[in-house]
Structures are given as structure tokens and as C-alpha cells.
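# Breakdown of the fold
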Amino acid sequence: AVLSPLLKAREYKSTTMPGISRSAERLLFVIILSGLYIMNQQSTSANINHHDDPYSSADPIPSTKPDCDNNNNEGIQRGLEQNASSNEFETITMAPTHSPTGTPMETGVVENESTPKEDVNATEQKWVKDRLVVHLGKEHFFWHYGQRRLCQMLQDMTLTGEIQQDPDYFRDPIPGRPTPKLVTELNCNSIRGYFGFGEGNWVSAVYSSRMAAARAKVDYSFSCRPDTRNPLKLLLPWLEVEQKAPTMDDPWPYTGPIATVEEVCAQNYAKIRLDKFADQIVDDMRKMAVSLLGSQNDGIRQHPSVPIDQPPMIPDVVLDDVVIHFRCGDIMGGGGRKDYGMIKFTEYLRWINKDETKRIGILTQPFDPKKLRQKDVYNAGKCKTATYLLHKTLQDFVPDATITIHNGDNETIPLVYARLVMAKQAFISLSSLTWFPLIGTFGHGYFQKGNEGVNPFAEYLPAKMDHVTMMTGAWLSQKQISKKTLNQTLQWFVTPE
């Protein structure tokens, strides 16, 4: 195809190039054609032996239309077309040799469905007793177009050019063969360093992959590597799951309308509708909170999977009636982001039920600079001052309430989640980290309206869940705060609208 236009052009050429004889021109033309042919052969060979990442950081951004009709997982496609009738299995490495950031990726052969590895970077597939099992690598999580790549891989796992809108499609994509399975096992201690994302981002990534697997009707498994499973300190162990593929009788395992392909497979985080998975998120958050803090005697703050008499994993925690997540360190640091910030303190007073509030808890970062992220160290004093002002504002509003700032060494993120879930009233800042326990609260949850950068799907929740309210009061972005003095910012916090 490359050489044909050149040959046709040469057929109609009647004169030689200026200054070059006919024989020399012919020799030059042959050399050019030979070079093009060799380049074409090398390109073909590379495409056969390697899986290229079509959405690496060096490539142009793909079409904004969130389609899922491209086949970019040739190894899976080949494997599916092979005869896998024996109990032997073949492993085909599916990942690019480098991550989107250019870091070399390690690949290896896996021996069963859940063989621990040092880390999971590569995406691999194998056959286990005629069952296709794909080990999901980090490059197929939702950042850097990973959600779209995941959907493309699911297309290949189900031998289809498109994840169908029809919920009854794909009940048995390969007749007579077990349902394909998507498996993820992570080193949950080391995930913070990957692309710089924190635990809240990883919670979003896990739920996004679960939602995609359910939409494509394949089995799904998520777990932490056994030696990195620490449920008292880490969130991801609480998300471990064996999720069966939907069936004809239960095409979407969660209440509400089935998520569309566009809502599941969007390459843009702002368009992934995690709210469609809210029922499962609520169940996971409540199970975690009850396991950590114990069943309560009110007949409400309990979970069917946790025996009422089971001792709490964290004993003797005094629960607060009102819990406020106060994110301040990075927001008061003088950055330029416009998509997250802080709401007026008077907005809390608008919603807090004074008559039923005896205890209030403020969840925030440590005040000791030695215990903070490097980028938050400089702002430790500002955050402390703002937190004390919030404490005073609340105390003036509810004089008889006991108000506690929870930011000590024992305040792990799972405990932060549990406090929000167990509260009668829970408030959060613009944060992907605390959005999940907020909707899982047994009480009533209050959140700031999301945007393209933070919780874009949150605005859909009040129509689906009557225990959450979206606060629409004024707020200052990080960029706006950077242009104010500390005193100006503090004064803005306490000035009514």
C-alpha cells in the first residue's frame, strides 16, 4: 500500500530529475523502495510481537467520543481463538514494555488465578481449565485513559467488537466455556507512588474496574497481596471481592438503571458514573465501619455480614454525633487549582441539628510538620489556625457539645472512614477520599457540589439517595485562597453570605 502510489507515479514520469542521469535515478529509486520495504517489515514484526499502548503520554489524545470499538489486545484475541481444551494453560503478556510515564514494566508467568507477585504492573492472560483469566495491571486502571483500555480488553475477552448496550447480550460469550475472569492482586502498601495517586484515587479505580467488569458480564476478583493486607491501616483490603458476572436473571447487580457503555468506558474521569455503583459502595463502607467499631444497639448501625456480638477491631472508640472532614493542608498552600477548596463555616451551622448534637468530631491532618506530606509542611501552621477557628465557631454554636479534633497518630484512614459512616450527620470537603464513606453513612451526609476534577458524579446522588444533601453555599478554591492573606481567609470563613 505504501509502495503502490510511488510506483504509479514513476510510470507517468517521462523526464529524469535535474542533474541526475537516468541510471542514477533508477538506482536511487530502488534504494528508496528497499528502505521503505524494510521499514514496513520491521513495523509489521513489532506489531505482531508487542502490544503497543495506543494512549501513552506521548500519543495525541484520542477522540473524545467514548466508544469501545477498537481491538488493541491482540494477545487476548489470539488466545481466545486457540483451542484451550486441556487443563494446561498458556500465558501471553499483554502489557507494553513501559508505563505511560516511561518506567520499565516487569512481566512474568503466573501459575494460577491468584499467584502473589512482587507487584502487578503488567496485564497478563492465561487459561485455567478452559477458563480465560486475565490479570489486570495498573495500566488498565482509570487514569491516563486506563478505563477505556480496560473496556477494549473486555471486548476481546468476550470476543466482540463492542460492549453491547443490550443487557441480555453476552450471557455466555463463548458457548460451553466458563465465563472469563478479570483478576487484580496489588501490593497495597506500594500503590501510593504510582502516578502520585493516593488511596482515595485507588478506591475510585477499583470501583471503576468492578463496574466495567459487571457491564461486560465477566467475573471479577480484587485482592491485596497477602503480605500487604492490613485492614487497620489501609483502605483497599476492605474492597477485596469475588464478583460474579451478571446473568439473564440479574443483568445489573445493583439497583437503578443499568450504566451505559459511555458511563462505564469513558476515557475522561469526569464522565465515569460511579454513582451507578453507589449501592455496592454503601454496603462496603457500612460493613467496614461496623467491623472496625462494632455493631451499635440502636438497631440501625449494624451490618448483616457482621455478627452483632462480634468484638470491634478498634475497641473503645467514642462516636461523634456530627463528623466534619476538614481538608486544609494542600488547599491553604497557595496552589493554583480551581476544582477544590473550602466552604464557609457558616454552611455547617446551617445544617447541624443543635438539639441532637452532643459530640462533634473534626477530621483533619496532623499539626506536627514531621508527620505531613512534604507539600503540606509549609502550611501546617495555617491549617492549625483555621482548624481552631472552626472549633471555636462550632463551640459558639453548640456551647454544651464536646468537640474533638481527630488528627492523632491512631487516626488511620479506615478509622476516618468509620467515623463518617457511623455519624448521625457527616460533612466532607471537596475530596475523592471521603466521598465514599459519606454516601455510606448510616446518618445523613452533606457534600459540596462536585466538578470535573473532584467527584463529578456526586450531583446525581440526592435524586437516588434521600440520606445525602448537596451543599451549594459559597466556597473558596485553592487559587482564590492563594490570593488572600491568612486573616482575610479566616474572616471569609465566618462571614455569613
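One can find the structure itself at the top, above this paragraph.
Everything quoted here is computed from the prediction, not taken from an experiment.

### Focus: the packing of helix H7 (residues 278-293) against helix H11 (residues 413-422)
Taken N-terminus to C-terminus, the directions of H7 and H11 make an angle of 105°; their axes are 9 Å apart at the nearest point. Between H7 and H11, the angle falls in the class roughly perpendicular. The segment H7 lies against H11, with Met 285, Arg 286, Met 288, Ala 289, Val 290, Leu 292 and Leu 293 engaging Pro 414, Leu 415, Tyr 417, Ala 418, Arg 419, Val 421 and Met 422. When its residues are assigned to classes, the contact of H7 with H11 shows 12 nonpolar, no polar and two charged.

### A few points about H7
With 16 residues, H7 ought to run about 22 Å at 1.5 Å a step, and its terminal C-alpha atoms sit 22 Å apart, in line with that. Across the 16 residues of H7, 12 count as buried, placing the element largely inside the fold. What H7 keeps buried is the set Ala 278, Gln 280, Ile 281, Val 282, Asp 284, Met 285, Met 288, Ala 289, Val 290, Ser 291, Leu 292 and Leu 293. A positive phi of about 90° marks Gly 294, the residue just after H7.

### Brief notes about H11
Burial runs high along H11: 10 of the 10 residues are buried. Along H11, the positions that sit buried rather than exposed are Ile 413, Pro 414, Leu 415, Val 416, Tyr 417, Ala 418, Arg 419, Leu 420, Val 421 and Met 422.

### Observations concerning unusual backbone geometry
Positive phi is not limited to glycine here, since Lys 217 has a value of about 65°. The exposure class assigned to Lys 217 is buried, which follows from its relative accessible area of 3%. Phi at Asp 316 is positive, roughly 65°, even though this residue is not glycine. Looking at the element boundaries, Asp 316 is found in the loop between H7 and strand S7 (322-325).

### Some words on the packing of aromatic side chains
Summed over all chains, the structure comprises 13 aromatic pairs. Measuring from centroid to centroid gives 6.1 Å for Tyr 269 and Phe 457, while their planes differ by 80°, and the two rings are edge-to-face. One end of the pair, Tyr 269, is in the loop between helix H6 (261-265) and H7; the other, Phe 457, is in the loop between strand S12 (444-448) and helix H13 (461-464), with 188 residues separating them in the sequence. Neither Tyr 269 nor Phe 457 differs from the other in exposure class; each is buried. Ring centres 4.7 Å apart and planes at 65° place the aromatic pair Trp 435 and Phe 457 in the edge-to-face group. You can see Trp 435 sitting in helix H12 (residues 435-440) and its partner Phe 457 sitting in the loop between S12 and H13, a full 22 residues away along the chain. Phe 457 sits in the buried class, given a relative accessible area of 2%.

### Concerning the state of the cysteines
Counted by the stated rule, this structure contains three disulfides. The disulfide bridge from Cys 151 ends at Cys 265, spanning 2.1 Å between sulfur atoms. Sign of the S-S torsion, about -90° for the bond between Cys 151 and Cys 265, identifies this disulfide as left-handed. Separated by 114 residues along the polypeptide, Cys 151 in helix H4 (residues 146-157) and Cys 265 in helix H6 bring together distant segments of the chain.

Quick notes on the rules
- Residues numbered from 1 in each chain as written.
- Predicted model: local features only at pLDDT ≥ 70, side-chain atom pairs only at ≥ 80, totals over all residues.
- Heavy atoms only, no water.
- Axes fitted to C-alpha atoms, helices over the stretch in contact; angles between N-to-C directions.
- Helix = DSSP H or I, 4+ residues; strand = E, 2+ residues; numbered from the N terminus.
- Parallel < 35°, antiparallel > 145°, perpendicular 65-115°, else oblique.
- Contact = heavy atoms within 4.5 Å.
- Nonpolar A, V, L, I, M, F, W, Y, C, P; charged D, E, K, R; others polar.
- Expected span 1.5 Å × (residues − 1).
- Buried < 20%, exposed > 50% of the residue type's maximum accessible area, 1.4 Å probe, protein only.
- Phe/Tyr/Trp six-rings, centres within 6.5 Å; stacked < 30°, edge-to-face > 60°.
- Disulfide = S-S within 2.5 Å.

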